[in-house]
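Geometric and topological summary
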Amino acid sequence: MITAGCDLGSTTAKAVIIENKSILASAVIPARLDPIVSAEDVMALCLKNAGLSRDRIKAIVGTGYGQQQIPFVSRLESEIVCHARGAFFHHPTARTIIDIGGQDSKVIKLDSNGKVVQYSYNDKCAAGTGRFLEIMADSLNLSLEEIGSVGNTCKERLNISNQCVIFAETEVVSLVNEEKDPGDILNALFRAMANRVCSQARSLTIENDVVMTGGVAKNIGVFNALCQSMGTAIKTITDLDPQINGALGAALLAQEA
Amino acid sequence: MTIVAGCDVGSLAAKAVIMERRRVVATAIVRSGPKPAESAKKAMDEALSQAKLTMNDITWCVGTGYGREKIPFVTESVSEISCHGKGAQFLIPSVRSIIDIGGQDCKVIKLDAKGNLVKFITNDKCASGTGRFLDVMAKVMNISVSELGERSLIAKNPITLASICTVWAQADVIKHINARRPAADVCAGINVAMANRVSMLANALGLENDICMTGGVAKNKGVVHALGRIMGKRIKEIRQIDPQLMGALGAALFAHEQTKKGGAQS
């Protein structure tokens, strides 16, 4: 059976098409102004990538921040459940999932059957979310894509004492004025962000294996800082863009009537 | 003639108060630069020139504020919590709770009947609920921080901000501006959001009458009114002096006490 998942996030829209348990195609696009257009566009692109027409899809599950706006879904599932399902599909040993999206961060605990037992969700504070990185990349005049590798290592160990985006940004400005190296500044920012996510994770009891998903998982600098902070090796999804994990989970859930 | 001074170096402004026999003779507020020592000197020089005095005329000077350890000319330094308490109690003897909102922090302070510090709570971790929040919003609206207060007073239908986080609230404000909501309504919504955040801190400590507000944000009537309404309490207005000077005033009062104790060098 062919099913699809569509994850309408705050900054990107994602879609995945699967047949039973194998992935046929996926798509990621930047969110449009109108969420309905985002959903239509990402689904059209995904169908094109799969070389399929819409009527071949037996069920579509919608998820994400804008899920209510997706016009073509069979049903909706929470992001928590979708991310859990996607990560567990790749790593059946996963017990803790850290998902950092454009405007939120989630820590999800699973049992050995992949069932969600507990979670913590932050969308109240921009610290510890993708937005933190966006703002810092901007203030250093770098792109979001390049900051990960630039800040992955440091020559001089600097410290950013604030986790608040606004206060941390002020610290960045003074470090730039002191002519500190952008890579060193980024490295300090990644550690500050990792500490923030780590304290959110610590509000639950962490069990191995830990898997990181969401767009921020692609940032190698943050990923390594988080491993350091958590004091444990973290798995990521290697054969698939970790950003489409939620949509994959949705597609897997669509397999279950 | 014993003349004393208080100097309060905050994150955004440096303040100085000169007193003679518990009477204010000169005050100054200047913008803080990157170096606290220079900001302190600038504020002090301005107050001294107003009073037609020199530093040699000051018997005792107390420093306070986040940059207090860096002020070269002070005799001693005292925490800003104690100074705000001292200053507020001097002007309003019945005061028991003080809400002090500075450029980058917010403090709620409780005093006993004698003006002694009972307990306090501080937020300097999150920009929301601090002067910084209003700074960011004023910049987005392309107006001054003081206009944010004035304009809000004529609002008919204030906007509601969904989030207390400065970053998310900023995005929300931009959305409302783009939707062509009247500036007064946007300003009022910003002040209410600010007051909501501050009330969380105030409720965590518990307020007792009388209540007053100090610090630069106390000059924003929109925030003061919203805070009073949210908490269902009356906030006493400080009329005798600019509320932003409260820390420096308290510092000067501590300096005065020191001279009374005979601690002053003759």
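Since the model is a prediction, treat every value here as computed from it, not as a measurement.

Parameters and conventions
- Residue indices follow the written sequence of each chain, beginning from 1 at its first position.
- Throughout, the order in which chains and ligands are written sets their labels, letters from A for the former and numbers from 1 for the latter.
- Residue-level local features of this predicted model are given only where pLDDT is at least 70; pairs of side-chain atoms are given and counted only at 80 or more, and the full residue set underlies all totals for whole chains, interfaces and linings.
- Side-chain descriptors were evaluated using all non-hydrogen atoms of the structure, hydrogens and water having been removed beforehand.
- Here an angle of 0 to 180 degrees is reported between the N-to-C directions of two axes, which are lines fitted to C-alpha atoms, with helices fitted over the stretch in contact.
- A run of H or I in DSSP counts as a helix once it spans at least four residues, and a run of E counts as a strand once it spans at least two, with each numbered from the N terminus.
- By the definition adopted for this analysis, an angle is roughly parallel if under 35 degrees, roughly antiparallel if over 145, roughly perpendicular if from 65 to 115, and oblique otherwise.
- By convention the crossing between two helices is left-handed if the near helix lies anticlockwise of the far one by an angle smaller than a right angle, and right-handed if it lies clockwise.
- Residues count as neighbours in contact if any of their non-hydrogen atoms are within 4.5 Å of one another.
- Only Asp, Glu, Lys and Arg are considered charged in this grouping, and only Ala, Val, Leu, Ile, Met, Phe, Trp, Tyr, Cys and Pro are considered nonpolar; every other residue, Gly among them, is considered polar.
- Definition used for salt bridges: Asp or Glu carboxyl oxygen within 4 Å of a side-chain nitrogen of Lys or Arg.
- The cut-offs for exposure are 20% and 50% of the maximum accessible area for each residue type, with area from a 1.4 Å probe on protein chains only; residues under the lower value are buried, those over the upper are exposed, and the others partly exposed.
- When two components associate, each loses some accessible surface as probed by a 1.4 Å sphere; the sum of these losses over both components is called the buried area.
- Pairing of N or O atoms within 3.5 Å defines a polar contact, subject to two protein rules: one partner must be a possible hydrogen donor and the other a possible acceptor, and residues neighboring in sequence count only if both atoms are side-chain atoms.
- Throughout the structure description, domain borders are defined by an automatic or database domain assignment.

Before going further, it helps to spend a moment on the packing of helix 3 (residues 130–139) of chain A against helix 5 (residues 165–177) of chain A. Geometrically, a packed helix pair is captured by the angle between its two axes and the distance between the axes. Residue and element names in this part refer to chain A. Remark: helix 3 packs on helix 5, axes separated minimally by 10 Å, with the N-to-C direction vectors making an angle of 25°. By the criterion of interaxial angle, the relationship of helix 3 to helix 5 is roughly parallel. The element helix 3 and its partner helix 5 pack so that their crossing is right-handed. Side by side, helix 3 and helix 5 meet where Phe132, Ile135, Met136 and Ser139 of the first sit next to Val165, Ala168, Glu169 and Val172 of the second. Considering only residue class, the contact of helix 3 with helix 5 consists of six nonpolar, one polar and one charged.

The next thing to look at is the pattern of salt bridges. One pass over the full model with this rule turns up 30 salt bridges over all chains. For Asp181 of chain A, the salt bridge is made with Lys155 of chain A, and the minimal N-O distance between the two is 3.5 Å. Taken together, the residues span a long stretch of sequence, with Asp181 of chain A in the loop between helix 5 and helix 6 (182–202) and Lys155 of chain A in the loop between helix 4 (144–150) and helix 5 at a distance of 26 residues. On the basis of relative accessibility, which here comes to 71%, the residue Lys155 of chain A falls in the exposed class. Ionic contacts of the salt-bridge type, sharing partners, join the residues Arg68, Glu69, Glu80, Asp100, Asp105 and Lys107 of chain B into one network.

In this assembly, 15 residues from chain A lie in contact with 13 residues from chain B. When chain A packs against chain B, the two sides together hide about 980 Å² of surface, and 68% of this comes from carbon and sulfur. One can count zero salt bridges joining chain A with chain B. Seen at the junction of chain A and chain B, the total is two residue pairs in polar contact (both at pLDDT 80 or more). Among the elements of the structure, helix 3 and helix 5 of chain A are those that each provide at least two residues to the side of chain A that touches chain B. The biggest single contributor to the side of chain A that touches chain B is helix 5 of chain A, with four residues. Looking at the side of chain A that touches chain B residue by residue, the classes come out as seven nonpolar, five polar and three charged.

Right, let's get into the domain arrangement of chain A. Reports of interface size often rely on the accessible area that becomes lost once the parts have come together. All names here are of chain A. Segmenting chain A into domains produces domain 1 (1–91 + 241–257) and domain 2 (94–236). If you average the C-alpha positions of domain 1 and of domain 2, the two centres end up 25 Å apart. Listed by partner, the interface residues are 14 residues for domain 1 and 26 residues for domain 2. With both chains or domains summed, domain 1 and domain 2 bury close to 1,600 Å², and 67% of this area falls on carbon and sulfur atoms. Sorting the residues of domain 1 by area buried against domain 2 places Ile80, Phe88 and His91 first, and these three jointly supply 38% of that buried surface. Here domain 1 is connected to domain 2 by two salt bridges. Close ionic contact of Lys106 with Glu79 constitutes a salt bridge, the shortest N to O distance being 3.7 Å.

Attention now goes to the environment of Cys125 of chain A. Residue placement: Cys125 of chain A occurs in the loop between strand 8 (116–122) and helix 3. Looking at Cys125 of chain A, the relative accessible area reads 22%, which means it is partly exposed. The contact partners of Cys125 of chain A, leaving out residues within four places of it in the chain, are Arg196 of chain A together with Cys165 and Trp168 of chain B.

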